[in-house]
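# Notes for the structure review
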Amino acid sequence: MDATVLALIILAVVLLVAVVAMGAMLAKRRRSEQLQKQFGPEYERQVMETGDRKAAESDLQARRQRREKLDIRDLDNEERSRFQHEWNTVQRGFVDDPERALDGADALVVSVMKARGYPVGDVDRRAEDLSVDHADVVRHYRDARAVRDASARNGASDNGAGVDTEQQRHALTSYRSLVEALLGTRSADHAGPSIDSNADRTDAGTPVHTPKTDAHRQTQEPTR
């Protein structure tokens, strides 16, 4: 074979390999960008948890593929109204019994997920499935569950021994964000729990009040 022809063949093979490698690299980068855009903070959380970006992306991709196999449906108006009523009942109960309100909020999330077609048997799996469609609130959901579990173990306390009512209040607003997302009633300005005065509101018009201590009640009584 002529040396020139052989050189051209080798050059063509090298160029082909380079093009294939470049295409694979671009495809990998594009997949990474898509996963980062879809999962947001959940992407970085998974990278930190696994310590391996490739493994984290494989896990997130598996979540997305698993989600595609689920028959997730929207709620009808009657269901949405019923669940909204249940949420309003939960939030009103916070004043008298924060721990019970958090239990009710968690149970309501499970009920709404089940109604929409999500598997609800495993807590970790529940969060993973939610992260595909609601990545911006799933972190708050995990935080809320942690407060709810700590409240159940230790009881509420204002002296640092357990979970105080401020933490429970933030947990309730976290549950609110997820409930609104699942119901399809979440507005743009409710991108997540807030730490300002707006965090006291669990729906468009009803505030979450922190339970009052006896001392606080006394300061509110008029002098005679």
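Counted according to the given criterion, the structure contains 17 salt bridges. Ionic pairing is found between E166 and R169, a salt bridge with its closest N-O pair at 2.2 Å. Linking E166 with R169, this pair stays in helix α8 (residues 165–183), spanning three residues, or about one helical turn. Taking the relative accessible area as the measure of exposure, R169 reaches 6% and is therefore buried. In the salt-bridge network here, residues are joined through shared partners; they are E42, R45, E49, D59, R63 and R142.

For the rest of this paragraph, the subject is the packing of helix α3 (residues 53–68) against helix α6 (residues 123–133). It is at 9 Å that the axes of α3 and α6 come closest, and there the two elements cross at 85°. Between α3 and α6, the crossing angle belongs to the class labelled roughly perpendicular. Here R63, R64, R66 and R67 of α3 lie close against α6, whose contacting residues are R125, E128, D129, S131, V132 and D133. Residues of the contact of α3 with α6, tallied by class, amount to one nonpolar, one polar and eight charged.

Parameters and conventions
Here the residue numbers are simple positions, counted from 1 along each chain's written sequence. Reporting in this predicted model follows two pLDDT cut-offs: at least 70 for local features of residues, and 80 or more for side-chain atom pairs to be given and counted; totals over whole chains, interfaces and linings ignore these cut-offs and use all residues. Based on all heavy atoms of the structure, the side-chain values leave hydrogens and waters out of the count. For salt bridges, the criterion is a side-chain nitrogen of Lys or Arg within 4 Å of an Asp or Glu carboxyl oxygen. Strands are runs of DSSP state E lasting at least 2 residues, helices are runs of H or I lasting at least 4, and numbering of each runs from the N terminus. Residue exposure (1.4 Å probe, protein chains only): buried if accessible area is under 20% of the type maximum, exposed if over 50%, otherwise partly exposed. Only the contacting stretch of a helix is used when fitting its axis, a line to C-alpha atoms as for every element, and angles between N-to-C directions run 0 to 180 degrees. Should an angle lie under 35 degrees it is considered roughly parallel, over 145 roughly antiparallel, and from 65 to 115 roughly perpendicular; all remaining angles are considered oblique. In this analysis, two residues are considered to be in contact whenever any of their non-hydrogen atoms come within 4.5 Å of each other. The nonpolar class holds Ala, Val, Leu, Ile, Met, Phe, Trp, Tyr, Cys and Pro. Asp, Glu, Lys and Arg form the charged class, and all remaining residues, Gly among them, are polar.

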